Amino acid sequence: MKLAIVGGGPAGLYLSILLKRQDPSHDITVYERNPEGSTYGWGVTYWAGLLDKLRAGDPESAAAVAEASVTWNDGVAIVRDERTVHRGDAGFGIGRRKMLMLLADRAEELGVTVTFEHDITGPDAPELADADLVVAADGVNSVLREAYAEHFGSTTTAGRNQYIWLGTTKVFDSFSFAFKETEHGWIWCYAYGFSGERSTCVVECSPATWKGLGLDTADEPDTLTLLEKLFHDLLDGHELIGRAQADGAPQWLTFRTLTNRVWHRGNLVLLGDAAHTTHYSIGAGTTLALEDALALAAALRDPADGLDAALTTYGKRRRAELVSAQSAARYSAQWYENLPRYMRLEPSRMFALLGQRHSPLLPHIPPQLYYRIDRAAEQLEPLRRLKRWLGPRVAKAVHGRR
């Protein structure tokens, strides 16, 4: 087949690798609108299960990604000025730029054509005219998807809180949080290492806190100075690094959750953020995009019933697999949007409920009571089963009354 992959992010590049390995005769071109080495964000996170899947898909790129990653085992939180530690599973971080470089190199090694600074402005672009398959891997603002938004059934829901992606010279050896109370409300930071020199910091707060602190009008230098002062004990004197917009304003955002009713139209198929987004607080965006690539490659391995059937199978499979992650992301975002509800707890208990933020039961039970139930459920299997059974039913009942 002749394939045009629009978007040189992790999903698009990894799909090109998988398809080229399946059939070296495929003619595959990846079109990336940005210059080589240019990317948004700082580092990405993933968990050990993803590495196993990547090794099965392409051992060479999996080994390169693993070698370039850093790892951590614990979570650390500073609540007001008190530090608490939570023991957890191993997590991994890698620089987004490094990951893209490794995947692009591997794709080109296999014979994929990767073109940078090549913008595809719509489905009628001449580069797509004779492609057997066009993959829209061009992100949440996908021009290919938007051209047929009604067909795809695209729905976007805006979150409430403001957030900003920043870098720092502080290298974190654990996934770290800091929650600071100001006269205008709470503001918090998630931080994790992705190399031996840099870490990612995501700062989030409510709109009221954002405006009350003057962050809605501050330029980037003043924004970084204020945030460095607020999170001084987390940063240990290290600086924050921003990426201002053209007018010098910091890049504050509100998260947009995207879903699509169907994932293909003719020979055009959606991949990664062009198909779906999940709130950054569950740290799964890159993982889910790479899993999309694995599923699409599997569907195309032997499309005995034709391309349309293969793309239909891919879309149905991934939409079903995403239900759990999308639910977890929705509850996680809501937990942070209702953060004051949990901040009356002592720090260790608040941090324990931070780990439970995906629970559909937690929003409907007083936090202190939920904490006691959760601790008891660790010792009593019947209570643990009841908790798992009750959560979705309480959430469904509450949702039905709205």
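Whatever comes next refers back to the structure up there.
It should be emphasised that the depicted structure is a prediction, and the values quoted were computed from it without experimental measurement. As a convention, each chain's residues are numbered from 1 in the sequence order in which they are written. Confidence filtering applies because this is a predicted model: local features only for residues at pLDDT of at least 70, side-chain atom pairs given and counted only at 80 or more, and all residues used for totals across whole chains, interfaces and linings. Remark: hydrogens and water are excluded; side-chain values derive from all non-hydrogen atoms of the structure.

Colleague: With reference to specific residues and values, describe the environment of Ala 149.
Modeller: Helical segments are the DSSP runs of H or I of at least four residues, strand segments are the runs of E of at least two, and each set is numbered from the N terminus. Structurally, Ala 149 can be placed in helix α6 (residues 149-152). In this structure the C-alpha to C-alpha distance between Ala 149 and Leu 339, which are 190 residues apart in sequence, comes to 34 Å.

Colleague: Before we move on, can you summarise the environment of Thr 312 with the specific residues and values?
Modeller: In this fold, Thr 312 is placed in helix α11 (residues 307-337). With a 1.4 Å probe rolled over the protein chains alone, any residue whose accessible area is under 20% of its type maximum counts as buried; one over 50% counts as exposed, and the rest are partly exposed. Of the residues examined, Thr 312 reaches a relative accessible area of 26% and is grouped as partly exposed. Between the C-alpha atoms of Thr 312 and Leu 144, which are 168 residues apart in sequence, the distance is 18 Å. Here a polar contact is taken to be a pair of N or O atoms separated by no more than 3.5 Å, where protein atoms must pair a possible hydrogen donor with a possible acceptor and residues adjacent in sequence count only if both atoms sit in side chains. Of note is the side chain of Thr 312, whose polar atom sits 2.9 Å from the backbone oxygen of Asp 308.

Colleague: Tell me about the nonpolar core, residues and numbers included.
Modeller: Here is a general trend for soluble globular proteins: nonpolar side chains tend to be buried in one another's company. Put simply, buried Ala, Val, Leu, Ile, Met, Phe, Trp, Tyr and Cys residues joined by side-chain atoms within 4.5 Å make one nonpolar core. Of all hydrophobic cores here, the largest spans 66 residues; its most connected members are Tyr 14 and Leu 15. Residue contacts follow a heavy-atom distance rule, with two residues in contact if any of their heavy atoms lie within 4.5 Å. If we skip the residues at most four places from it in the chain, Tyr 14 touches Lys 53, Leu 54, Gly 57, Asp 58, Ser 61, Leu 103, Leu 290, Ala 293 and Leu 294. Counting residues in hydrophobic clusters, the runner-up holds 30 residues, among them Ala 77, Met 343, Met 350 and Leu 353.

Colleague: Give me the lowdown on the pairing of strand β12 (residues 199-205), citing residues and values where you can.
Modeller: Look at any regular strand and the pattern is simple: side chains alternate between the two faces of the sheet. When you tally the buried positions in β12, you get 7 out of 7 residues, the bulk of the element. Across the two faces of β12 the burial is the same, with Ser 199, Cys 201, Val 203 and Cys 205 and Thr 200, Val 202 and Glu 204 all buried. A strand pair is defined by DSSP finding two or more bridges across the two strands. Sheet analysis places strand β9 (residues 162-168) next to β12, joined by 7 bridges and oriented antiparallel. Bridge pairing links Gln 162 to Cys 205 in β12. Taking the residues that link successive antiparallel strands as the turn, the strand β11 (residues 185-193)-β12 hairpin has 5 residues.

Colleague: Quick rundown of the packing of helix α2 (residues 48-57) against helix α10 (residues 285-300)? Include the residues and the values.
Modeller: As a packed pair, α2 and α10 sit with axes 11 Å apart at the nearest point and diverge in direction by 30°. With respect to α10, the element α2 is oriented roughly parallel. Regarding α2 and α10, the two cross each other, and that crossing is left-handed. Here Leu 50, Lys 53, Leu 54 and Gly 57 of α2 lie close against α10, whose contacting residues are Thr 287, Leu 290, Glu 291 and Leu 294. As a working rule, the residues Ala, Val, Leu, Ile, Met, Phe, Trp, Tyr, Cys and Pro are called nonpolar, Asp, Glu, Lys and Arg charged, and the rest polar, with Gly in that last group. Its residues placed into classes, the contact of α2 with α10 shows 4 nonpolar, 2 polar and 2 charged. Between N-to-C directions, angles cover 0 to 180 degrees, with each direction set by a line fitted to C-alpha atoms, over the stretch in contact for helices. Any angle from 65 to 115 degrees is called roughly perpendicular, while one under 35 is roughly parallel, one over 145 is roughly antiparallel, and all others are oblique. Handedness of a helix crossing follows the sense of rotation of the near helix relative to the far helix, less than a right angle counterclockwise being left-handed and clockwise being right-handed.

Colleague: With reference to specific residues and values, describe the pattern of salt bridges.
Modeller: Criterion for a salt bridge: a side-chain nitrogen of Lys or Arg within 4 Å of a carboxyl oxygen of Asp or Glu. According to the stated counting rule, one finds 18 salt bridges in the structure shown. For Arg 349, the salt bridge identified is with Glu 346, shortest N-O distance 3.9 Å. Overall, Arg 349 belongs to the partly exposed group, its relative accessible area being 23%. Residue Glu 346 is classed as partly exposed on the basis of its relative accessible area of 44%. Through salt bridges that share partners, Lys 53, Glu 291, Asp 292, Arg 317, Arg 318 and Glu 321 make up one connected network.

Colleague: Break down the sheet that holds strand β15 (residues 264-265) for me, citing the residues and quoting the values.
Modeller: As summarised here, the arrangement of the 6 strands in space is β6-β2-β1-β7-β16-β15, forming an open sheet in which the pairing is mixed. Edge positions in the sheet fall to β6 (113-115) and β15, since each of these pairs with one other strand and no more. For strand β1 (residues 2-6) and strand β7 (residues 133-136), the ladder comprises 4 bridges, and the chain directions are parallel. What sits directly across from Ile 5, in β7, is Val 135.

Colleague: Tell me about helix α12 (residues 347-354), residues and numbers included.
Modeller: By the criterion of burial, α12 is predominantly enclosed, with 6 of the 8 residues buried. Taken together, the buried positions of α12 are occupied by Pro 347, Met 350, Phe 351, Ala 352, Leu 353 and Leu 354. Packed against the buried residues of α12 are β4 (70-79), β5 (82-95), β10 (175-182), α11 and α13 (367-377).

Colleague: An account of the pairing of β5 is needed here, citing residue identities and associated values.
Modeller: Bridge count for strand β3 (residues 43-47) against β5 is 5 bridges, and the pairing is antiparallel. Within the sheet, the bridge partner assigned to Trp 47 lies in β5 and is Gly 91. Pairing of β4 with β5 involves 9 bridges; the strand directions are antiparallel. The residue bridging Val 70 from the neighbouring strand is Gly 93, located in β5. Here β4 folds back onto β5, and the loop between the two strands holds 2 residues, one of which, Arg 80, carries a positive phi near 55°.

Colleague: An account of the side chain of Lys 20 is requested, with residue identities and associated values reported.
Modeller: Position of Lys 20 relative to the elements: it lies in helix α1 (residues 10-22). The positive count covers Lys and Arg only, the negative count covers Asp and Glu only, and His and the chain ends enter neither. Although Lys 20 is buried, it forms no salt bridge, and the closest oppositely charged side chain is Asp 27 at an N-O distance of 6.2 Å. In this structure the side chain of Lys 20 is engaged in a polar contact, spanning 2.4 Å, whose partner is the backbone oxygen of His 26. Sequence-distant contacts of Lys 20, defined by excluding residues within four places in its chain, comprise His 26, Ile 28, Leu 110, Gly 111 and Val 112.

Colleague: Which residues make up the sheet that holds strand β13 (residues 240-241), and what values go with them?
Modeller: If you walk across this open sheet you meet the 8 strands as β3-β5-β4-β10-β11-β12-β9-β13, and the pairing is mixed. Looking at the sheet topology across the chains shown, the edges are occupied by β3 and β13. Strand direction decides the pairing type here: β10 and β11, joined by 7 bridges, are antiparallel. Within β11, the residue paired with Lys 180 across the bridge is Ile 187. Against the sheet, α2 makes contact with β3 and β5, and its axis sits at roughly 85° relative to β3, the strand it touches most. Against the sheet, helix α4 (residues 96-109) contacts β3 and β5, and its axis sits at roughly 25° relative to β5.

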